[in-house]
Structures are given as C-alpha cells and as structure tokens.
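A closer look at the structure
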Amino acid sequence: MRRPRGEPGPRAPRPTEGATCAGPGESWSPSPNSMLRVLLSAQTSPTRLSGLLLIPPVQPCCLGPSKWGDWPLGGGPSTGHVQGLQRLLEQARSPGELLRWLGQNPTKVRAHHYPVALRRLGQLLGSLPRPPPVEQATLQDLSQLIIRNCPSFDMHTIHVCLHLAVLLGFPSDGPLVRALEQERRLRLPPKPPPPLSSLLRDGQRLEAALSCPRFLRYPRQHLISSLAETRPEELTPHVMVLLARHRLREPQLLEAIARFLVAQENQLSSKVVQKLVLPFGRLNYLPLEQQFMPCLERILAREAGVAPLATVNILMSLCQLRCLPFRALHFVFSPGFINYISGTPHALIVRRYLSLLDTAVELELPGYQGPRLPRRQQVPIFPQPLITDRARCKYSHKDIVAEGLRQLLGEEKYRQDLTVPPGYCTDFLLCVGSSGAVLPVRTQDPFLPYPPRSCPQGQAASSPTTRDPAQRVVLVLRERWHFCRDGRVLLGSRALRERHLGLMGYQLLPLPFEELESQRGLPQLKSYLRQKLQALGLRWGPEGG
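Residues numbered from 1 in each chain as written. Predicted model: local features only at pLDDT ≥ 70, side-chain atom pairs only at ≥ 80, totals over all residues. Heavy atoms only, no water.

1. Describing the packing of aromatic side chains
A complete count under the given rule lists five aromatic pairs for this structure. Their ring planes at 65° and their centres at 5.6 Å tell us that phenylalanine 483 and phenylalanine 513 sit as a pair that is edge-to-face. In this pair, phenylalanine 483 is assigned in the loop between strand 6 (471–478) and helix 23 (492–503) and phenylalanine 513 in helix 24 (residues 513–517), connecting sequence segments 30 residues apart. Accessibility expressed as a relative area gives 6% for phenylalanine 483, which makes it buried. Residue classification places phenylalanine 513 among the buried residues on the basis of a relative accessible area of 6%. (Phe/Tyr/Trp six-rings, centres within 6.5 Å; stacked < 30°, edge-to-face > 60°. Helix = DSSP H or I, 4+ residues; strand = E, 2+ residues; numbered from the N terminus. Buried < 20%, exposed > 50% of the residue type's maximum accessible area, 1.4 Å probe, protein only.)

Structure below.
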C-alpha cells in the first residue's frame, strides 16, 4: 500500500534507556525491568500505543523450533500453515477477529505468533483516530492464551511479549505480566555468590564498553575517567583483563582494586585473584595498599596446590613488580610441583614461566637459598618477538632502523632479533671493542655468559673469540604500545626484559617512539642513529676499524 504524499514514513525506533545490546549472533531484546519502570509511569493512550507501529514484525525464522515444543508431535512444522496463520494475524481487522484466529487454530499456533498478535492489537488500537472499544473479555482471553503457552516461549519471545504487554497497558501486577516475568526469571542463570553478586550488571556494562573495537582504537578520556570512579564491587575478572589489555594505568582505580582484593581475601579463589592481579604487573604499578602483598602471600599459601597455573600466573605478575615471596617460590620450585605440572596440558607454558622466575631469582634475589628450577626443565623464556610486536609489525620502526644501521655500520656489524640466554629476544645487538670500535659480529661471540660471572663493577665480559674485553650494546626499540596508555611508564613485561638484560651485562641504548616518529625520512634517521651511537663513544668506518 502506497503512503499518501507528504506523510512521513516510520522512523527507526530510538533506543530505550536500560536496553541492552545483543552480542554476536543474538537477537535484540529490551530490558523488561527498565520498561516496566518507565512505561508504566504513564497512562495508556493512543500516542503511547502508536509506538507499537515502530516495532519491527517478529520473524518466525529468528525464533525457530525450540526444546519447549514449538513443533507438533509426529514431525516438523507445517511451514505453509504456520506462515499462513501469521499473515492472518497481521491482517486481522479487529481484536475479536485476532482472538478467533488464535482460538480456532490451536494446532497451528507457535510461540512467535503471540507477539505478532499483541503487536497487531496495538496497531489496531493506535493507528485509528478513534480506536474501537475492546471488550475486557477479549483481553482476558488473549492473556489466558499467552499465560497457558508461555512455558514454551524462548527468552526472546518472552521479552517481546513483556514489552508489548506494557505498551498495551496491561497492569504490572496483573496475571499476564506476572506470568511472563516468572518465566523470564526461570530462564536466567543462577546468581553468583553474595560477595560478588553486585558485579554482574555494571561489570557486564564495562566489559561491553572495553570490548568495543572503537574504544580499542580511539579511547575517550571521559570513559577512562569514569572507569577511575567505578566501584571495585562492579568489576569482574574479565574487566581486569580488558584493563590490562588496553593499558589503562589509572592509580585511583588500581588502588580501589587492591583494597577490594584485601577486603574479599577469604572469598576469592586463586583463579579469580590471578585476573585481579594481572593489571598491576602488566601496568607496572605497585599499589600503596600496605596489606596488598601480605594478602597475596596468604592466598598463595592457601591456594598454591589447588590451581597450579593460577599460582604461576600470580607469581608472574609479582615478578614484574619485583615482589616475589620466598615461600611461594619454594613451593613452585619443589620437585612435587614440577612433576605434577609436567603431566598437565599447560606444562610448556608453566615451564616457560618457571624459567623466567628462575632467571629473576638468579638476577634479582641474591639472598634466596631455596630450591631452583633444574637445568633439564628450563626452556627459553621469550625465544621470539612478543605477540604484540608481531601483531603490530607494520606500525613498527624496526625495519627502517635496520635499514639505517645497514647503511651506517654495514650488515656485518649488527644482529637483529637475536635471542640471548636465557631466552630474551633483542632488537639489535652490537659488539664493541675496548677502544669503542664496533666489531663485526661474526668475529665475536655475541652472547654474554649466563648465569653472569661475577666481575668488578663496570668491567666488561671477555670475548672468548678474540680475548678482547668487548661490550654488548643492545638497541632497544620503545614503541608506543610498549608503554601504558599515558605513554610515560613502560609495561611490566618490557621493564622486566630491560632490567634483566642490564643485570646480565648488556648495555642498553633505548630508542623512544617519540624520537623515532620525529625523524622525517631515512637521512634524518641515520643522523639520529649516528648521534646516539657516538654519544656512547662508539666508532666505526675507516677510523673505527
């Protein structure tokens, strides 16, 4: 039917306050609680009912057969009859005719026909200047039909029927709305334990916000600030993971998480604690809460034997913060623990983490006297560039820096992406003689000994190939994603890598992303690299040998 000229077409419905957005593969459904609160505050009127005209028709294919018996016994549905009944309902000319189609065809009625009938009823009442009177018995009969059949509805159909019932003015304490609400509650998953029950609604809202691809690419300052004002009771462990992924280093929020962890110590398992602690290590933030570390030590002592992988994950976060508890190290390095994890599916990743913890003990905990990871169990820590670097390689400055070094020094005088013991991947490594000359890497052993040999402060390790006291200089790219969101603090894993390389005797030459981004073209970059290397007293070319 063509619309009269000048008459505006139906506009897309505006989102209702409190509505929830469906996830991938889910149909949209409004929030009944918010609609009952907002819509029942006004009296039923034609203007209010006209909103039903904007609700898109319910499609039978999106509701489909369900385990509650949408299909009749003895076979699949008669598609022609089902769709034919839907057309009859959509074309009904009065409420009485609408009710007759439902009552006279009990074997053809499916769950999705009831929201179709309610929607058509609203159209009949709201589309005419003077809607015909509807007998109370008609509404009661329709209510009874829906009440009798709503146990066979799926969640989407229940939500749609609730929405339409509210718009049609059915009372919130009436039998129809109560029956639909009861069915809705029966389909909800069981509530979590009381201490964490308040996490669901607000936590899910934060998860949706932080999971949005647009936020990942263009974070808005007001959203970040609102996160800082969020109560820790509203945060789920998954939100903790997203905070770490987005590198949001908000001290106010992190301090609140630390206080929450301390307050809920007895209710939290190590599997939850590992996610709560993750942002602290990842964001290189040690909270001011004085009970933070004692609380974690008690949780590790209580839960270490229950969840081995969670225990090691917690220790990894604490390793980045340089706060490793000796008692927990004794446990994870014990033969019983190592034998236990060797037969688990995550044995390789746990051995890699234990190898890193053993390196931290070697380099940072000289007073530790407990068990260590046996050499036969050790594996390279990070034998290749980290995942984030591989994922963002097209944004990295590594290729242009490599070309600058090739033209400045020559290919034989540097190594790229070389993994040095005990398994740290370096960006660029140079071998430098005692006179400051950059030496060809092939004539030197590029690796410093590990564990490092004790030698006087400032004395370089001796090269076994030339017996020349040689330094190993590592050029460290500090890309934008190596920092927390504020761009000033290195992420915990990056700071740990640089700290350990320095403790092993490598001289680090950082190349910050701000300086690299300011270089316009290769000639400027070569000049920048020359200044950096000369500032260390390095020489190359004819004068450098």
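2. Notes on the confidence of the model for the protein
Residues with a pLDDT of 70 or more make up 66% of the protein, whose mean pLDDT is 75. Across residues 193–200, confidence stays below pLDDT 50; counting only partners more than four residues off in sequence or on other chains, it has 14 contacts. Here residues 455–468 scores under 50 on pLDDT; set against residues more than four positions off or in separate chains, the count is 24 contacts. (pLDDT = per-residue confidence, 0-100. Contact = heavy atoms within 4.5 Å.)

3. Considerations on the nonpolar core
Membership of the largest hydrophobic core comes to 61 residues, with the highest contact counts inside it found for Leu261, Leu324, Phe333 and Leu354. It is helix 20 (residues 347–364) that provides the largest number of residues to this core, a total of seven residues. Setting aside residues up to four positions removed in sequence, leucine 261 forms contacts with Leu268, Val273, Leu276, Val277, Cys295, Leu296 and Ile299. Residues Leu102, Val109, Leu168 and Val177 belong to the second largest nonpolar core, which totals 30 residues. (Core = buried A, V, L, I, M, F, W, Y, C linked by side-chain atoms within 4.5 Å.)

4. Concerning the environment of asparagine 313
Note that asparagine 313 resides in helix 17 (residues 308–320). Here asparagine 313 falls in the partly exposed class, since its relative accessible area comes to 23%. Measuring from C-alpha to C-alpha, the distance between asparagine 313 and valine 277 comes to 9.0 Å, with 36 residues separating the pair along the chain. Each residue touching asparagine 313, except ones within four places of it in the same chain, is listed here: Gln274 and Tyr353.

5. Structural notes on helix 25 (residues 521–535)
Compared with an ideal rise of 1.5 Å per residue, which puts 15 residues at 21 Å, helix 25 spans 22 Å between its outermost C-alpha atoms and is within 8% of the ideal. Within the sequence span of helix 25, burial applies to Leu525, Tyr528, Leu529 and Leu533. Along the axis of helix 25, the buried residues cluster in a sector spanning 130°; they form a single face. The exposed residues of helix 25 that point more than 90 degrees off its buried face are Pro523, Gln531 and Ala535. (Expected span 1.5 Å × (residues − 1). Arc of directions from axis to C-beta.)

6. Here we look at unusual backbone geometry
Apart from glycine, the bulk of residues carry a negative phi angle, and the bulk of peptide bonds sit in the trans form. For the bond from proline 421 to proline 422, the omega torsion is 5°, close enough to zero to count as cis. Here proline 422 shows up in the loop between strand 2 (419–420) and strand 3 (424–425). The peptide bond linking tyrosine 450 to proline 451 adopts the cis configuration, its omega dihedral lying at -5°. Unlike most non-glycine residues, asparagine 284 shows phi in positive territory, near 60°.

7. Quick look at the pairing of strand 7 (residues 507–512)
Two elements, strand 6 and strand 7, share six bridges in a ladder whose sense is parallel. Within strand 7, the residue paired with valine 473 across the bridge is glutamine 507. For the crossover from strand 6 across helix 23 to strand 7, the handedness is right-handed. (Pairing = 2+ DSSP bridges. Right-handed = clockwise from strand over helix to strand, strands pointing away.)

8. A few points about helix 23
With 12 residues, helix 23 extends 16 Å from end C-alpha to end C-alpha; this agrees with the ideal 16 Å at 1.5 Å per step. The buried count for helix 23 comes to nine of 12 residues, which makes it a mostly enclosed element. Turning to helix 23, its buried residues are Gly492, Arg494, Ala495, Leu496, Arg497, Glu498, Arg499, His500 and Leu501. The positive-phi residue at the C-terminal boundary of helix 23 is glycine 505, with phi of around 110°.

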